[in-house]
Amino acid sequence: MSAKIPATVVTGFLGAGKTTLIRHMLENAGGRRIALIINEFGDLGVDGDILKGCGIEGCAEDDVMELSNGCICCTVAEDFIPTLQKLLDRENAPDHIVIETSGLALPQPLVRAFNWPEISTRVTVDGVVTVVDGKAVSEGRFAHDVAAVDAQRKLDENLDHETPLSELFEDQMACADMIVVNKSDLLDADEMTALVSRLRGESRDGVQVVSSTMGALPIDVLLGQGIGSEGDMESRHELHHHHHDHDRGDDHDDDDHDHHHDHDHEAFESFVVTRPEITDAAGFAAQVADVIRAHDILRLKGFAAVTGKPMRLSLQAVGPRVDTYFDQPFGSRARETRLVVIGQAGLDRAAIETALSA
């Protein structure tokens, strides 16, 4: 049985920067066949820019369009499941599906739809990404132009018009596996650090909070979260019925490194750490998870040589969740351990190298 195709749900209000994030992702797809479903309710013109960018200006609602870089674009109004099935049935099915939704329709029912028998064996929710306007949220609003968001909502009679927008925002946060704080160039370093800490404290454990400028998020950070969100609806319930008191302080220990927000440089960095063979695969995986927690590493991937084992140990981590399996023999290649570390700029490279080599 072939592996399920991963689908990432991107949500957030008008103006948060979802379209910019997705355009950046499509332009940097790096050979991956990404299918984009725009599950936008109300005025489809909201995403006119990205559709123009795809060269499919007059694309009908049920069209699936092939883009020049191998990505696929389509827009859906009501028929989400049939659209998904049509994509999955393509001769050259996509490597990854990205679904953009407006933030006015709750992400929870969309994620729940992946449990439908027609598609549940073929596709899984890789992760829910909620994009927020960092400047607005730090000033106590949840969108730059609240009136525009409300006007967009009024256009669609299928939407619930009673719930305060602030509660819809809480629902987006409750469902998120990753929160992208966009427009970070409009905040200074202290404001950004405070905001990221606050959002971490208010979200579920294990949710990654990253900052970005102009939606420039590395594709390796955005995709491949491997969460299977549809199997865990309990912890991401809609908040209309649950109001929790978030009184706890931020329990993330960030004292051991500085957060640099230097907007002249890329906001993310990656580097490779090599070390000799390891002796204990499980012990090493636990060590890696500890290093990731201590240094706020977003992704870590690579392979290790384990003493006495001819096979290479493949290692993939999203935050502190580390997966390992033996993938292939080393053959004539050098028996060494090679790990790629990805995180926000300002990682303490020397300390991470030392800790991973211990």
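No experiment lies behind these values; they were computed from the predicted model shown.

### Regarding the packing of helix H11 (residues 281–295) against helix H12 (residues 349–357)
Geometry of a packed helix pair, given as the angle between the helix axes and the separation of the axes.
Here comes step 1: Between H11 and H12, the shortest axis-to-axis distance is 9 Å and the interhelical angle comes to 160°. Relative to H12, the element H11 lies roughly antiparallel. Crossing handedness for the pair H11 and H12: right-handed. Across the interface between the two elements, Phe284, Gln287, Val288, Val291 and His295 from H11 touch Ala351, Ile352, Ala355, Leu356 and Ser357 from H12.
Here comes step 2: Considered class by class, the residues forming the contact of H11 with H12 number seven nonpolar, three polar and no charged.

### Things to note about the pairing of strand E10 (residues 299–305)
Here comes step 1: Burial runs high along E10: six of the seven residues are buried.
Here comes step 2: Pairing geometry for E10 and strand E11 (residues 311–318), over seven bridges, is antiparallel. Across the sheet, phenylalanine 303 pairs through a bridge with serine 314, a residue of E11.
Here comes step 3: When E10 meets strand E13 (residues 337–344), the two strands line up antiparallel, connected through five bridges. What sits directly across from leucine 300, in E13, is valine 341.

### Re the pattern of salt bridges
Two side chains carrying opposite charge are able to pair once their charged atoms lie near each other.
Here comes step 1: In this structure the tally under the stated criterion is 11 salt bridges.
Here comes step 2: Of the charged contacts in the structure, one is a salt bridge between aspartate 133 and lysine 183, with a shortest N-O distance of 3.0 Å. Taken together, the residues span a long stretch of sequence, with aspartate 133 in strand E6 (residues 123–133) and lysine 183 in the loop between strand E7 (178–182) and helix H9 (189–202) at a distance of 50 residues.
Here comes step 3: Residue class for aspartate 133 comes out buried when judged on its relative accessible area of 3%.
Here comes step 4: For arginine 335, the salt bridge goes to glutamate 277, with nearest N and O atoms at 2.6 Å.

### Quick notes on the side chain of arginine 275
Here comes step 1: Relative to the assigned elements, arginine 275 resides in strand E9 (residues 268–275).
Here comes step 2: The side chain of arginine 275 sits in the buried core without any salt bridge; glutamate 277 is the nearest counter-charge, 9.4 Å away.
Here comes step 3: Within polar-contact distance, the side chain of arginine 275 engages the backbone oxygen of alanine 358 at 3.2 Å.
Here comes step 4: For arginine 275, the residues in contact, after removing those within four places along its chain, are Phe284, Gln287, Glu336, Thr337, Leu356, Ser357 and Ala358.

### Points about unusual backbone geometry
Here comes step 1: Even without being a glycine, aspartate 296 presents a positive backbone phi close to 60°.
Here comes step 2: Within the element layout of this structure, aspartate 296 appears in the loop between H11 and E10.

### Quick notes on the sheet that holds E13
Here comes step 1: Taken in spatial order, the five strands line up as E9-E13-E10-E11-E12 in an open sheet, and their pairing is antiparallel. Sheet topology places E9 and strand E12 (321–329) at the edges, where each strand pairs with a single neighbour. Ignoring which end each strand starts from, the neighbouring axes of this sheet average 15° apart.
Here comes step 2: The sheet contacts of H11 involve E9, E10, E11, E12 and E13, and relative to E12 the element is tilted by about 135°.

### Points about the nonpolar core
Here comes step 1: Membership of the largest hydrophobic core comes to 24 residues, with the highest contact counts inside it found for Met25, Ile34, Val98, Val180 and Leu217.
Here comes step 2: At the level of secondary structure, the elements contributing two or more residues to this core comprise helix H1 (18–27), strand E2 (34–39), E6, E7 and helix H10 (219–222).

The rules behind these values
- Residues numbered from 1 in each chain as written.
- Predicted model: local features only at pLDDT ≥ 70, side-chain atom pairs only at ≥ 80, totals over all residues.
- Heavy atoms only, no water.
- Axes fitted to C-alpha atoms, helices over the stretch in contact; angles between N-to-C directions.
- Helix = DSSP H or I, 4+ residues; strand = E, 2+ residues; numbered from the N terminus.
- Parallel < 35°, antiparallel > 145°, perpendicular 65-115°, else oblique.
- Left-handed = near helix turned anticlockwise from the far one by under 90°.
- Contact = heavy atoms within 4.5 Å.
- Nonpolar A, V, L, I, M, F, W, Y, C, P; charged D, E, K, R; others polar.
- Buried < 20%, exposed > 50% of the residue type's maximum accessible area, 1.4 Å probe, protein only.
- Pairing = 2+ DSSP bridges.
- Salt bridge = Lys/Arg side-chain N within 4 Å of Asp/Glu carboxyl O.
- Lys, Arg positive; Asp, Glu negative; His and termini not counted.
- Polar contact = N/O pair within 3.5 Å; in protein donor to acceptor, adjacent residues only side chain to side chain.
- Core = buried A, V, L, I, M, F, W, Y, C linked by side-chain atoms within 4.5 Å.

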